[in-house]
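# Structural overview for review
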Amino acid sequence: DLVTHNELLPANAALSSIVRVATVTGMVGGGLLLDQSWSRFGWEGWEAGFYVDSMAYLVSVLTLVGITVLSHAASRRARSPHPIAESAEVVMHEVEHLRSGMKDTFKLIMSHHGLRFVFLMVVVLGALAGAIFNILTAASIAVLGAGAKGVGFLGGLLAGGMIIGSLAVGTVGKRWDKRWMMVSGCLLMGALMLLGSVWFSYAVFMPIAFLGGAVLAPVMVAMDTMLHEWSPRGSRGLIFSSRDTVLGASFIGFSTLAGASVALLQAVARTPYAVALFIFGLVVIVGTLGA
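These figures come from a predicted structure and were not determined experimentally.

When pLDDT is averaged along the chain, the result is 83, and 91% of the positions lie at 70 or above. Element-level pLDDT for the chain is lowest in helix α3 (residues 86-111), with a mean of 72, against a maximum mean of 93 in helix α9 (residues 272-290).

Glancing now at the packing of helix α4 (residues 113-142) against helix α6 (residues 178-198). Two elements in contact, α4 and α6, have axes separated by 11 Å at closest approach and are oriented at 20°. As summarised for this structure, α4 and α6 are arranged roughly parallel, according to the angle between their axes. The chirality of how α4 crosses α6 is left-handed. On α6, the residues touching His113, Gly114, Phe117, Met121, Val124, Leu125, Leu128, Ala131 and Ile132 of α4 are Arg179, Met182, Val183, Cys186, Met189 and Met193. The class makeup of the residues in the contact of α4 with α6 is 12 nonpolar, two polar and one charged.

Turning our eyes to something else, we now look at the pattern of salt bridges. Counted by the stated rule, this structure contains three salt bridges. Close ionic contact of Arg243 with Asp224 constitutes a salt bridge, the shortest N to O distance being 2.5 Å. Separated by 19 residues along the polypeptide, Arg243 in helix α8 (residues 236-265) and Asp224 in helix α7 (residues 202-230) bring together distant segments of the chain. When its relative accessible area of 10% is taken as the criterion, Arg243 is described as buried. Judged by relative accessible area, Asp224 falls into the buried class, the value being 18%. Arg243 serves as the salt-bridge partner of Asp244, at 2.8 Å between the closest nitrogen and oxygen. The exposure class assigned to Asp244 is partly exposed, which follows from its relative accessible area of 45%. Here the salt bridges do not stand alone but share partners, grouping Asp224, Arg243 and Asp244 into one network.

In this structure the tally under the stated criterion is six aromatic pairs. Aromatic side chains Phe41 and Trp43 sit 5.2 Å apart centroid to centroid with 25° between the ring planes, which places their arrangement in the stacked category. When its relative accessible area of 26% is taken as the criterion, Trp43 is described as partly exposed. Put simply, the rings of Trp38, Phe41, Trp43 and Tyr51 touch in pairs and so form one group of aromatic residues. In this arrangement the basic side chain of Arg179 is found over the ring face of Phe117, its NZ or CZ atom lying 4.6 Å from the centre.

How each quantity is defined
Residues numbered from 1 in each chain as written. Predicted model: local features only at pLDDT ≥ 70, side-chain atom pairs only at ≥ 80, totals over all residues. Heavy atoms only, no water. pLDDT = per-residue confidence, 0-100. Helix = DSSP H or I, 4+ residues; strand = E, 2+ residues; numbered from the N terminus. Axes fitted to C-alpha atoms, helices over the stretch in contact; angles between N-to-C directions. Parallel < 35°, antiparallel > 145°, perpendicular 65-115°, else oblique. Left-handed = near helix turned anticlockwise from the far one by under 90°. Contact = heavy atoms within 4.5 Å. Nonpolar A, V, L, I, M, F, W, Y, C, P; charged D, E, K, R; others polar. Salt bridge = Lys/Arg side-chain N within 4 Å of Asp/Glu carboxyl O. Buried < 20%, exposed > 50% of the residue type's maximum accessible area, 1.4 Å probe, protein only. Phe/Tyr/Trp six-rings, centres within 6.5 Å; stacked < 30°, edge-to-face > 60°. Lys NZ or Arg CZ within 6 Å of the ring centre and 35° of its normal.

See below:
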């Protein structure tokens, strides 16, 4: 809404760059936070991570609910006085509105060839993120000896690469075909997963994480820009909410599959994490070509 059609891609690239700066801070800072001694509270580092993260989400949810309730209540009181008891009614109304809107939005997505392509790629991105998150987090701690701090640094390198990739696509990528950016980027990410599975070591994953971030950023920027361009203005908010829902569901599903695969492969493979990374690298490549 704030920029012209021709400025959508550089605007999304700028937003992506800013978000990745926060990601670097959070990933590296989170790793360092978990590496501290929490014994005075009776916690291990990973336990502290759960408590800190859950409190942050709790504050976020309460804040969003408060904004929703207070904004609607204020707008209604401006027209006529209403009791405070209307808050529950407002929340229920918003939930019903969201349910109805999401149903109509998914019908629109399935009927629009461009939106359908983007959402298929969203599923692929969820598979990519879920597999990497599960396999590399566990492997860094259990096999590679890098610990929580090492996981944080890998995430920081990934986000750092995404900053570079976002800046690049925002300055020189205006003429690039956005479909090509998404497909080629996901194929390269799958190839990097295969490469990492062959040379499975923390030293190898450091440059792969940075390069992967630089490759992944144009995919994310192109995806957001295509959704902006193809979404009807009145449905844009719900389409982006649907994107996040599909991405989250895909991430959870493939993260669970990756964890189960590692558990099963431990009985038959000497390097189950590397084999699982290879398998899901193939999944990403095949899924990209299928989309």
